[in-house]
Amino acid sequence: MSTVAEVETAQPTPADQPGIREGAFGNARSLACRECGNEVELGPHYACPECFGPLEVSYDFPVVTREEIEAGPRNIWRYKALLPVPDDIEQSPNMEPGFTRLLQARNLGRELGLEKLWVKDDSTNPTNSFKDRVVACALSAATEFHSKVFACPSTGNLANAVAAAGARAGIKTVVFIPSNLEKPKQVNSAVYTDSLVAVNGNYDDVNKLASEIAGEEDGWAFVNVNVRPFYAEGSKTLGYEIAEQLGWRLPDQVVIPVASGSQLTKVHKAFGELVRLGLVEDKPVKIFGAQATGCSPVSTAYKAEVDAIRPVKPDTIAKSLAIGNPADGIYVLDICRSTGGAVEDITDDEVREGILLLARHEGIFTETAGGTTVGVLKKLVETGQLDPTLETVVINTGMGLKTLDAVSDQVGPAATIDASYAAFTATGIA
Ligand SMILES: *Cc1c(COP(=O)(O)O)cnc(C)c1O
Ligand SMILES: [Zn+2]
């Protein structure tokens, strides 16, 4: 452990770094180590030089009012004062993600026995997952660092978002995926970029390769590797939106899917910032994490009541959550435990059931990650871990058209008939 004052590399402002303009990161002050608190200058850094802990953006927030936010655009830039982006961010071509619907889910709530349930539906983002949020923040940082290439290792959705955002910004993209990824997710990247690289291996292998390339090549911004601190801040906007859309109130409970764990930790951070800024009243919010049993290192550690996460080899249809060695897993454990939440996991069959539950009760077609989250919500109620009388938000992070195969054997025509009224009445559907 060391204090800020002892670190020689710590104090320069962004303006002192060659090529980085004044105000490039808005109200962000520094990158602070999550483990030891050591602060380093804002730059393409992600590991603490003192202890190798993960770096996180810290801020000197000005006074921010609800009115200022409400007067902003209907996308994540309404919260730009709370993000590491310049004040003129809206002038750069970007995907303008966010401000997705928060829907009251009366039917699903009734089905699961919950008195007040909301779905935060991020499937309507530009590339149909919450990843457009994090990528927009990473793209801003990459632009300010004058990066030549915008890249990522991905479980699918991130590659889609990076490829599209890079195309719109006019920056070269290279995206890396496990070669066994669902075909629709591959096509959803390849339409935007000619540099989709399929790697024989799982996500953790792809991630390792990306770190190696990031170390060798100059000018590559790997959104979730060397600009990860900036990328991660984008997930805070999910938390801001939930609170604003509830009428500047925090919910009692939130259920969030866990891959690397970044999203869950940042939604939690967002709630804390809103309280500190006086934008919402302080109240306890229980945070719940959702995993598929075939890749459940965080849930396993939660249930075993241990602090260390043992990496696993993923084997689940929830491929967007298939990270066997989650970077933020230990922080997820800490947050879920300290807020009175939990981390739970479900089988692939329960993931499919979760997809159909959301589709048939609310008209929202989610991918396997959302099936995981909804299925875990159901299990949390059934096992008494989640209080059904409290106001609950479940986050749908993705879109079912990308994982059609997961349910295509379970749903289909109720009947195939000749085009005659007699044939139709014979089906018994009328
Ligand atoms: C990436 C992803 C997640 C989880 O993200 P982490 O921040 O890595 O935990 C959840 N849902 C979907 C659909 C994703 O693509
Ligand atoms: Zn440190």
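What you see is a predicted model, and the numbers here were worked out from it, not measured in a lab. Within each chain, residue numbers correspond to sequence positions counted from 1 in written order. Written order decides the labels, with chains lettered from A and ligands numbered from 1. For a predicted model such as this one, the threshold for reporting local features is a pLDDT of at least 70, and the threshold for listing and counting side-chain atom pairs is 80 or more; totals across whole chains, interfaces and linings nevertheless cover every residue. Processing note: side-chain calculations cover all non-hydrogen atoms of the structure and skip hydrogens and water entirely.

## Things to note about the coordination of the zinc ion (ligand 2)
The expected angle between donors at a tetrahedral four-coordinate metal is 109.5 degrees. At an octahedral six-coordinate metal it is 90 or 180 degrees. Water is not part of the atom set, so a site may look incomplete; the donors themselves are N, O and S atoms within 2.8 Å of the metal, or 3.2 Å for Na, K and Ca. Protein coordination at the zinc ion (ligand 2): the donors are Cys33 (SG), Cys36 (SG), Cys48 (SG) and Cys51 (SG), at 2.3 to 2.4 Å from the metal. Angle rules define the geometry names used: all angles between 85 and 135 degrees makes four donors tetrahedral, while opposite donors over 155 degrees apart and all other angles between 65 and 115 make four donors square planar and six octahedral, leaving every other case irregular. Its four donor atoms give the zinc ion (ligand 2) angles of 99 to 117° at the centre, a pattern that matches the tetrahedral case. Linear spacing of the donor residues for the zinc ion (ligand 2) on their chain is C-x2-C-x11-C-x2-C. Each member of the pair, Cys33 together with Cys36, is buried. Classification of residues uses two cut-offs on accessible area relative to the type maximum, computed with a 1.4 Å probe and protein chains only: under 20% is buried, over 50% is exposed, and between them is partly exposed.

## Things to note about the pattern of salt bridges
Take a side-chain nitrogen of Lys or Arg and a carboxyl oxygen of Asp or Glu: if they are within 4 Å of each other, that pair is a salt bridge. Tallied over the full model, the rule gives 30 salt bridges. In this structure, the salt-bridge partner of Glu244 is Arg78, at a minimum N-O distance of 2.6 Å. A residue pair is termed long-range when its members are at least 10 positions apart, and Glu244 in helix 8 (residues 236-245) and Arg78 in the loop between helix 1 (66-70) and strand 4 (102-104) qualify at 166 residues. The same class applies to Glu244 as to Arg78, namely buried. Here Glu382 and Lys378 are joined by a salt bridge, their closest N and O atoms 3.0 Å apart. Numbering goes from the N terminus for both helices and strands, where a helix is a DSSP run of H or I of at least four residues and a strand is a run of E of at least two.

## A look at helix 5 (residues 183-190)
Burial in helix 5 covers these residues: Lys185, Gln186 and Ser189. One face of helix 5 carries all of its buried residues, which in axial projection span an arc of 105°. The contact rule is simple, with two residues in contact once any of their heavy atoms fall within 4.5 Å. Looking at the buried positions of helix 5, the neighbouring elements they touch are helix 4 (157-169), strand 7 (172-178) and strand 8 (196-199). Relevant arc is that of directions from the helix axis to the C-beta atoms, nothing else.

## Details of the sheet that holds strand 3 (residues 55-59)
Criterion used throughout: strands pair if DSSP finds at least two bridges between them. The three strands lie next to each other as 2-1-3, forming an open sheet whose pairing is antiparallel. The sheet terminates laterally at strand 2 (39-40) and strand 3, the two strands that pair on one side only. Looking at chain direction, strand 1 (residues 28-33) and strand 2 are connected through two bridges and run antiparallel. Pairing of Leu31 across the sheet is with Val40, part of strand 2.

## So, the domain arrangement of the protein
Here the bounds of each domain stem from an automatic or database domain assignment. As far as domains go, the protein holds domain 1 (4-64 + 131-231) and domain 2 (102-128 + 235-406). With 29 residues of domain 1 at the contact, the number on the domain 2 side is 37 residues. Buried area is a sum: the accessible area each of two parts loses on coming together, probed at 1.4 Å, counted once for each and added. Buried surface at the junction of domain 1 and domain 2, both sides included, amounts to about 2600 Å², of which 46% is carbon and sulfur. Looking at the side of domain 1 facing domain 2, the largest losses of area belong to Arg34, Asp132 and Arg133, adding up to 25% of the total buried there. Counting every contact that joins domain 1 to domain 2 gives six salt bridges.

## Some details on the UniProt feature "domain: Tryptophan synthase beta chain-like PALP" (unreviewed entry) in the protein
Here the UniProt-annotated "domain: Tryptophan synthase beta chain-like PALP" (unreviewed entry) positions come out as residues 97-398. Span residues 97-398 is 45% helix and 17% strand, its end C-alpha atoms 13 Å apart. UniProt positions are given in the numbering used here, feature names are shortened, and annotations may be inferred rather than shown by experiment.

## Considering helix 11 (residues 329-338)
In an α-helix, one full turn covers 3.6 residues, which means residues spaced three or four apart are oriented alike. Every buried residue belonging to helix 11 is among Gly329, Tyr331, Val332, Leu333, Ile335 and Cys336, and all of these are buried. Directly after helix 11, the chain includes Gly340, whose backbone phi takes a positive value near 85°.

## Section: unusual backbone geometry
Notably, Phe52 is not glycine yet its phi reads approximately 65°, a positive angle. Checked against the element boundaries, Phe52 lands in the loop between strand 2 and strand 3. The exposed category is assigned to Phe52, whose relative accessible area is 68%. For Glu305, which is not glycine, the phi torsion reads 55° and is therefore positive. Considering the arrangement of structural elements, one finds Glu305 in the loop between helix 10 (297-304) and helix 11.

## Side note on the site of ligand 1
The local shell around ligand 1 holds 15 residues, among which Lys131, Asn157, Ser260, Gln263 and Thr397 are the closest. Within the side chain of Ser260, a nitrogen or oxygen atom sits 2.6 Å from an oxygen atom of ligand 1. For the accessible areas, the method is Shrake-Rupley and the probe is 1.4 Å, while residue cover comes only from the protein chains on display. The protein chains hide 98% of the 380 Å² of surface that ligand 1 would expose on its own. Note that Gly is not counted as nonpolar here; it falls among the polar residues with everything else outside the nonpolar set of Ala, Val, Leu, Ile, Met, Phe, Trp, Tyr, Cys and Pro and the charged set of Asp, Glu, Lys and Arg. Looking at the shell around ligand 1 residue by residue, the classes come out as six nonpolar, seven polar and two charged. For each residue, the test is whether any non-hydrogen atom lies within 4 Å of the molecule or strand; if one does, the residue is near. Here a polar contact means two N or O atoms within 3.5 Å. Within protein one must be a hydrogen donor candidate and the other an acceptor candidate, and residues neighboring in sequence count only if both atoms are side-chain atoms.

## Some remarks on the pairing of strand 8
Sheet analysis places strand 7 next to strand 8, joined by four bridges and oriented parallel. The partner of Pro178 across the bridge, within strand 8, is Val199. This β-α-β element, strand 7 to helix 5 to strand 8, shows right-handed connectivity. Clockwise travel from the first strand over the helix to the second, with the strands pointing away from the viewer, marks a crossover as right-handed.

## Quick word on the environment of Ile287
Residue placement: Ile287 occurs in strand 11 (residues 286-292). For Ile287, a relative accessible area of 0% translates into the label buried.

## Quick notes on the side chain of Glu182
As for its placement among the helices and strands, Glu182 is situated in the loop between strand 7 and helix 5. Contacts of Glu182, omitting those with residues within four sequence positions, involve Ile317, Lys319, Lys402 and Thr403.

## A few points about the environment of Ala47
Mapped onto the elements of the fold, Ala47 is located in the loop between strand 2 and strand 3. For Ala47, a relative accessible area of 33% corresponds to the partly exposed category. Taking the C-alpha atoms as reference, Ala47 lies 9.6 Å from Ala32; in sequence the two are 15 residues apart. Other than its neighbours up to four places away in sequence, Ala47 contacts Phe52, Gly53 and Leu55.

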